Amino acid sequence: MPSMARYLTPVLRNRPVADQFYELEFHWPAAAPAPSPGQFLTVRTGQTSVPLLRRPFAFSRYDPEDNSARIIYQLRGTATAQLAAKRPFDSLDVLGPLGHAFPLPDYDSRPILVAGGIGIGPVLFLARTLISRGHPLTPRLILGARTRVGLPVLLEQEYGEVIACTDDGSYGCRGSAIDALQSYLSTTSIATGSGESVLYLCGPQAMLAAGHRLATECGIVAYAALEQTMGCAVGACMGCAVRVRSREQYARVCTEGPVFDTRMVDWERSGA
Ligand SMILES: Cc1cc2nc3c(=O)[nH]c(=O)nc-3n(C[C@H](O)[C@H](O)[C@H](O)COP(=O)(O)OP(=O)(O)OC[C@H]3O[C@@H](n4cnc5c(N)ncnc54)[C@H](O)[C@@H]3O)c2cc1C
Ligand code: FES
């Protein structure tokens, strides 16, 4: 498991970026291991025992120049409401980086990144990382939301070529991120199974399963970052186990994941 540690670190900024979505920026200690796209951290959001458990969030950005990191989170319940109340200079209790990162594509592979809902953070981090490292093929980024107000206002040039879509057609193409992926693949040579593309998926489980099926049909490799509800987040409780196609039958999302080659996940038996 990659090394990780617990830090009390100051909040730098906390701002709304879409309906019910916030971006939290905080100092990332110089002594801490550098996070990579796909990895996550856990946050103790309150001062009391409510909520009892630390909450996992994926890194959405890391800037080594000024030692800052970010997450994008959706307001859901107690912990995320406590996060939304954080102000600059408040202390943040974080543990990370945790889990395995996305494997980076070969130099001559075109990365296609697909995100829905809370899956947006890791995908933006990956796109930015590939561009800053000078990956020769611009990442294609497909972002889905229910409606226009659910799409973060972060879609600057730095994220490559972006296709946005909404379920109700209020912004971009109408339909899901997987519909947009299907139509993109059908209009490119990528669907011929040339093996020159690699798919990165992050979002709800049903979206990941659909992305896996499409990748299989098109003969392209896909990686998915899973978002299983977690207990300890460090491999001790088995609370995050998913069914996999291996002799062990189960894998822990927090330590063996959260990123998996989608061929490894038993999507039928994992309920998607
Ligand atoms: C590896 C990993 C990375 C994550 N990255 C992000 C991220 O970048 N941004 C983000 O907004 N969220 C992310 N999550 C989900 C996040 O941890 C939960 O949204 C958060 O714990 C909710 O806490 P809460 O107390 O506000 O809500 P709770 O009261 O705990 O839950 C409110 C509602 O959200 C549902 N919920 C809680 N956790 C999850 C989950 N993991 N998956 C699906 N539904 C859930 C619950 O079933 C409940 O209906 C990630 C989860 C994992 C495991
Ligand atoms: S959350 Fe405890 S083993 Fe993964």
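What you are looking at is a predicted structure, and each value in this text was computed from that prediction instead of being measured. (Residues numbered from 1 in each chain as written. Chains lettered and ligands numbered in written order. Predicted model: local features only at pLDDT ≥ 70, side-chain atom pairs only at ≥ 80, totals over all residues. Heavy atoms only, no water.)

S.K.: Would you take a moment to explain the sheet that holds strand 10 (residues 161–166) for this structure?
M.R.: What holds strands together in a sheet is hydrogen bonding between their backbones, with the strands either parallel or antiparallel. The mixed open sheet is built from seven strands, whose spatial order is 11-10-9-8-12-13-16. Two strands in the sheet have a free side with no partner beyond their single neighbour: strand 11 (173–174) and strand 16 (259–261). Lying on the sheet, helix 2 (residues 120–132) is in contact with strand 8 (110–116), strand 9 (140–145) and strand 12 (197–202); it crosses strand 8 at an angle near 155 degrees. Along the sheet, helix 4 (residues 205–218) contacts strand 8, strand 12 and strand 13 (221–225); its crossing angle with strand 12, the most-contacted strand, is approximately 165 degrees. (Pairing = 2+ DSSP bridges. Helix = DSSP H or I, 4+ residues; strand = E, 2+ residues; numbered from the N terminus. Contact = heavy atoms within 4.5 Å. Axes fitted to C-alpha atoms, helices over the stretch in contact; angles between N-to-C directions.)

S.K.: Explain the side chain of Thr 129 to me, please; I cannot follow it from the model alone.
M.R.: On the secondary structure map, Thr 129 appears in helix 2. Among the polar contacts listed, one links the side chain of Thr 129 to the backbone oxygen of Phe 125, at a separation of 2.7 Å. (Polar contact = N/O pair within 3.5 Å; in protein donor to acceptor, adjacent residues only side chain to side chain.)

S.K.: Is there a simple way to explain the site of ligand 1 in this structure?
M.R.: Lining the immediate surroundings of ligand 1 are 19 residues, of which Pro 56, Ile 72, Gln 74, Gly 77 and Thr 80 lie closest. In the environment of ligand 1, an oxygen atom lies 2.9 Å from a nitrogen or oxygen atom belonging to the backbone of Gly 77. Considering ligand 1 on its own, with 870 Å² of exposed area, one finds that the protein chains cover 75% of that surface. Those elements that provide at least two residues to the shell around ligand 1 are strand 4 (55–58), strand 6 (68–74) and helix 1 (78–84). Among the residues forming the shell around ligand 1, the class breakdown is 10 nonpolar, six polar and three charged. (Near = heavy atom within 4 Å. Areas by Shrake-Rupley, 256 points an atom, 1.4 Å probe, with all protein chains shown as cover. Nonpolar A, V, L, I, M, F, W, Y, C, P; charged D, E, K, R; others polar.)

S.K.: Even after reading the chapter, I still don't get the environment of Ser 60, so can you show me in this structure?
M.R.: Assignment of secondary structure puts Ser 60 in the loop between strand 4 and strand 5 (61–63). Spatially, the C-alpha atoms of Ser 60 and Ser 36 are 9.4 Å apart, while their sequence positions differ by 24 residues. For Ser 60, the contacting residues outside a window of four places in its chain are Arg 70, Ile 71, Ile 72, Gly 121, Leu 124 and Phe 125.

S.K.: Sorry, what's going on with the nonpolar core here?
M.R.: Among soluble globular proteins, nonpolar side chains are generally buried collectively. Within the largest apolar cluster, 37 residues are counted, with the highest numbers of intra-cluster contacts made by Val 114, Ile 142, Leu 181, Leu 199 and Leu 201. Of all elements in the fold, only strand 8, strand 10, helix 3 (177–186), strand 12, helix 4 and strand 13 reach the threshold of two or more residues within this core. When residues of this core are assigned to their parent elements, the largest contribution, seven residues, is made by helix 4. Residue-level mapping places this core at the junction of two domains, with at least three residues from each of domain 2 (110–225) and domain 3 (227–272). Ignoring sequence-local partners within four residues, the contact set of Leu 201 consists of Phe 102, Val 114, Ile 178, Met 207, Leu 208, Gly 211, His 212, Ala 222, Tyr 223, Ala 224, Ala 225 and Thr 262. (Core = buried A, V, L, I, M, F, W, Y, C linked by side-chain atoms within 4.5 Å. Buried < 20%, exposed > 50% of the residue type's maximum accessible area, 1.4 Å probe, protein only. Domains from an automatic or database assignment.)

S.K.: Before we go on, may I ask you to explain the domain arrangement of the protein in this structure?
M.R.: How large an interface is tends to be reported as the accessible area lost when its parts come together. What the domain assignment reports for the protein is domain 1 (5–98), domain 2 (110–225) and domain 3 (227–272). A separation of 23 Å is found between the C-alpha centroids of domain 1 and domain 3. For the pairing of domain 1 and domain 3, the buried interface totals around 530 Å² over both sides, and the portion due to carbon and sulfur atoms is 76%. The interface formed by domain 1 and domain 3 contains zero residue pairs in polar contact (both at pLDDT 80 or more). If you list the elements that add at least two residues to the side of domain 1 that touches domain 3, you get strand 3 (40–44) and strand 7 (91–98). Here the side of domain 1 that touches domain 3 is built from residues that sort into five nonpolar, two polar and no charged. (Buried area = accessible area lost by both parts, 1.4 Å probe.)

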